[in-house]
Each structure stands twice: as C-alpha cells, then as structure tokens.
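As a plain string of letters, each chain reads:
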Amino acid sequence: MKNSLIEKIKNATNFTDYERDSLIKRLEASAKSGLIFEAKEEEIEKDLAKKNTLLKEINAKKVGATGIEHRLIEGDNLHGLSCLINQKESVDIIYIDPPYNTGNKDFKYNDHYVDSTDEFRHSKWISFMSKRLKIAHQLLKDDGAIFISIDDAEHARLKLLCDEIFGNTNFVANLVRKNKSGSGHDSKKIAVEYDYVLCYAKKIDQLKFSKEDAGAEQDPKYKLKDKHLNHRGKYYLRDLDYKGSYSRSLDYAIIAPDGTEMWPGNTFGKPNTWRWGQEKFDWGIDNDFIVFKQKNGKWKVYIKQYQFVDNKNNKRQRLIPHRALIDFSNAIGSNELKSILNQDIFTYPKPTALVEFILDLFAHNRSLHILDFFAGSGTSLHATLLKNRADGGSRRCTLITNNENKICEEVTYQRSKKVIEGYKNKNGKLIEGLSENVLRYYKASFGK
Ligand SMILES: C[S@@+](CC[C@H](N)C(=O)[O-])C[C@H]1O[C@@H](n2cnc3c(N)ncnc32)[C@H](O)[C@@H]1O
C-alpha cells in the first residue's frame, strides 16, 4: 500500500513540490506508526469467495467417544476462520491472545519474524489483525462479544482498529489484568505488571453480562447489629444528608428527637437535600430504617443500609457489575500447563481462570459456543471444560492454532487429550478426566 500510494502521489501532477513532499512524509510517518496500514480489502473477499476452503477431519486424533463436542482446527487462522464462515457458523464469545508484537520474534508476517528493527512492524501487525478481526466480526452473534488480550506494544493501535471494525459504540471495556508481581519485570523504568483485555460487543444493546455477588456477607463495612439481625443482617450508616443534583421535593424539615428542626445542609435551599422524600422517610421511621445521632450537640440523621434486605425491606442478593481491574497471574497459567504436560514447553499460556472469568460474564447462558483462533496451548478449551464440569453446562469450544514448532500437535492437542482422558500430574497425582467431552481434530486448508 505504502509504496503504490506513494508512487501515485509522486507521479500526480496536481500537487506543488512542497505539497507532494509533505504528503509523502506524513504518509510514511503514519505507515510506520501503524495509523495507516496495508489493508488489502480485496484479499479477504477473494479468500472467502474460495468455496473450496476445507476442514478435513483427522479421525485418528479424535478424543472420547460421546459427549459435548469441541474442535481443534490446525492451520492458519485466516483459513480456519474462512472455513467457519463458509459453513455459516456463528459464535457467542471470542477470546483471543494474539502475538503481542513485542519485537522479540513473537510475530510472523508473510513467513518472516517481524523484529524491532522493522520500520513497518506496527503496520504489518495491524494489517494481519485487521483481516482476521473482520471475519471474527462476521462470526459473532448479535448478543456476543469479543475479548482480546494485548499489552502496551499494540494496545493503542488495536483499540483504534477495533473501533473501526466493531464500531466505537460497541466498545464495552478495557479490562486491566495484573499478570505478575515481584521479580521478572521487563521494564527498566517502571515495573509493568499489567496487560489488557479489550472487549467489544457485536451489538452493545443486545449484550447482557451477568453480575457478581457483592459478597455482602464478608464485606467489612457491615459492622453494626440491631434486633433485625436474623432477617436483615448487619448494617452500616449512610448519611441521609446529600449533596448532589438538587430537588425541591427532597428539601424538607425533619423533626429531631428533641423537637428541633433539621434541614439538609443545615438550611433550606441548594445545594443539599435528603436522600429520601418525606413519604419514604416516614416509612423508614415506622420500619426502623432511620437512626438519629447527636454529634457535638448537633443532630445527624442516617439510613441503616442492611446486608440482606434492600431499602424497601425486601430480601436481596447484592449484585454488582464485574470490575475492569482483574488479577490473573501468568505464573498460574505456566504452572497449570507444566503440571499437565510435565515439561516447560510453551511460554506464557494464559491461566484458565482468566477465560473462566469471561465465561462468568455470561453465567446466564451455559450452552455458549466459544471460539479462540490464537489458541496456543489450548487454555480456552481447558477453561470451558472446567466451567462445564463445575456448573453442569454444555458450552462448546472451537480452537484454531497453527502448528508452528509443532505446537498444535504437541501442546494444544496433548493438553486437551490429557484433560479429557485424565492424567498424572507432575507430582504423580492422578487427575480425573473431564470425560463428558469429545474433541475432534481438523486441518484447515484451501483446496486446489
Ligand atoms: C500468545 S499465543 C496464545 C496463548 C494462549 N492464549 C494460551 O493460553 O496458551 C499465540 C498463538 O497463536 C498462534 N498463531 C500465531 N499466528 C497464527 C496464525 N496466523 N494462525 C493460527 N495461529 C497463529 C501461535 O502459534 C501461538 O501459539
């Protein structure tokens, strides 16, 4: 793209020399930063139009006889994804962990490693991701979402690319994952202990995430007890006096126990109000939800916020949205894999708990189809199997990975097989297989 576009500009006659030179300089700078990249749109369309993309099953590698069916597809993910599109498939969740493009030989483009000396490494990476994410977008169901692990090397560019492909209104969150602590930092200036998981919905209005239990039982802020302990649990006090958006109907006098008048903010008028209107306040007095206290000779009034009932005295489970700050250490992922394969054969597998966290966001649906097209050691399938075993779900998982350094055959497949069939871990302990599952192995390729 860069060269052909620059050639055209060089030959164009409707620029002054100054305009031409400055345009070329800006184009070159943008291409190096990855802000413009080789987007050969026709290439994807051409690939997809090839009706003979093939998924060929390798029967000898099938694991298990009957049960929930999962797939491992060996091949370039562009081919694998095209096969899924051609088979008119769709998925609910996509989790991917692509090469981070750190410049340390983690990313191959056109069969060559892209290192830190390559001036166009960002534009190559974005071009590579763009093709694959466009297909991923097509595969996602309307109420589905994609989660992409990434670090500082490409986070900013990936965010812009996803805004373009998924639409910036479908941006859900940038999860920040604490992935290590203590030693082993790769930065000389600041200890970087985080990477990210970018999340986009296919259609934000249709995306539904489950909430998590606020853990009110353990929450230390509920300290106080009264005669309602058995039904309502412990409570803490919330000031009824509130400084927020002003409403006249919430600005009224309350009579303190000694008969004196109390006003929000000590006086009538903006900015303070009570949190509750007069009727709700009277209900609170009648139902023992209100407490008066005297501090330095001045009356204060509080709401009792209970553990197990809401402000209408109805039983509730306190549910809150999951947080964007997450903590799933890389070391746990490495130990999990080492314990299964008995060797340190693959660097930086993600921990299964990270993928289980993503599945928990969809806890309301236990029969989802999950796709991971940078499958690496197969963490996503392992996490799916564990989650199904824990909650009786029937989620299906499709993994796609290339066979670089025999990873698909020797790591992804071996791990998945062991997890389904059972294995002896590195301490010699027998780990029961998750045998209610079947794994089918395919090779993806373009036919002639
Ligand atoms: C960072 S690793 C993923 C690790 C994985 N999340 C885990 O927990 O094990 C990225 C993987 O994507 C694979 N990969 C890279 N480019 C690919 C491509 N074009 N098609 C298929 N797989 C690819 C690599 O072989 C590598 O194993």
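Residues numbered from 1 in each chain as written. Predicted model: local features only at pLDDT ≥ 70, side-chain atom pairs only at ≥ 80, totals over all residues.

Caption draft 1: Examining helix α11 (residues 379-391) more closely. The terminal C-alpha atoms of α11, which comprises 13 residues, lie 18 Å apart, in line with the 18 Å expected from a rise of 1.5 Å per residue. Those residues of α11 that sit buried are Thr379, Ser380, Leu381, His382, Ala383, Thr384, Leu385, Lys387 and Asn388. Directly after α11, the chain includes Gly392, whose backbone phi takes a positive value near 75°. (Helix = DSSP H or I, 4+ residues; strand = E, 2+ residues; numbered from the N terminus. Expected span 1.5 Å × (residues − 1). Buried ≥ 20, exposed ≤ 12 C-beta atoms within 10 Å, placed from the backbone.)

Caption draft 2: Representation of helix α4 (residues 77-86) within the structure. Within α4, 8 of the 10 residues are buried, leaving the element largely enclosed by the surrounding structure. Where α4 terminates, the next one or two residues include Lys88, which has phi positive at roughly 55°.

Caption draft 3: Molecular detail of the pairing of strand β2 (residues 68-74). Counting buried positions along β2 gives 5 out of 7 residues, so the element sits mostly inside the fold. Relative to strand β20 (residues 396-401), β2 is paired through 4 bridges, and the arrangement is parallel. By the bridge assignment for β20, Glu74 is matched with Thr401. (Pairing = 2+ DSSP bridges.)

Caption draft 4: Structural view of the domain arrangement of the protein chain. Each domain of the protein chain was delimited in the assignment, giving domain 1 (2-32), domain 2 (34-211 + 321-446) and domain 3 (229-318). Placing a centre on the C-alpha atoms of domain 2 and another on those of domain 3 gives a separation of 50 Å. (Domains from an automatic or database assignment.)

Caption draft 5: Layout of the sheet that holds strand β15 (residues 290-295). Pairing in this open sheet of 3 strands is antiparallel, and the strands run β10-β16-β15 from one edge to the other. Since the sheet does not close on itself, it has two edges, and those belong to β10 (235-239) and β15, each with one partner. Averaged over all pairs of adjacent strands, the angle between their axes in this sheet comes to 40°, without regard to strand direction. Two strands pair when backbone bridges link them, and β15 and strand β16 (residues 298-306) are joined in this way by 6 bridges, in the antiparallel orientation. Residue Lys293 lies in a different strand from β16, and its bridge partner there is Lys300. (Axes fitted to C-alpha atoms, helices over the stretch in contact; angles between N-to-C directions.)

Caption draft 6: Representation of unusual backbone geometry. Cis peptide bonds are those with omega within 30 degrees of zero, and the linkage from Lys270 to Pro271 qualifies with 5°. Along the chain, Pro271 turns up in the loop between β13 (261-262) and β14 (272-274). Even without being a glycine, Lys88 presents a positive backbone phi close to 55°. Of note in the backbone geometry, Asp288 takes a positive phi value of approximately 60° without being a glycine.

Caption draft 7: Inspection of the nonpolar core at higher detail. Counting residues in each nonpolar core, the largest one holds 71 residues, and the members touching the most others are Ile94, Phe147 and Leu198. Considering every element that reaches this core, the biggest residue donor is helix α5 (residues 121-139), with 7 residues. Once you skip the residues sitting within four places of it in the chain, Ile94 turns out to touch Ala136, Leu140, Ile146, Phe147 and Leu371. Among the nonpolar cores identified, the runner-up in size contains 7 residues, and Trp274, Phe281, Val301 and Ile303 belong to it. (Core = buried A, V, L, I, M, F, W, Y, C linked by C-beta atoms within 7 Å. Contact = placed C-beta atoms within 7 Å.)

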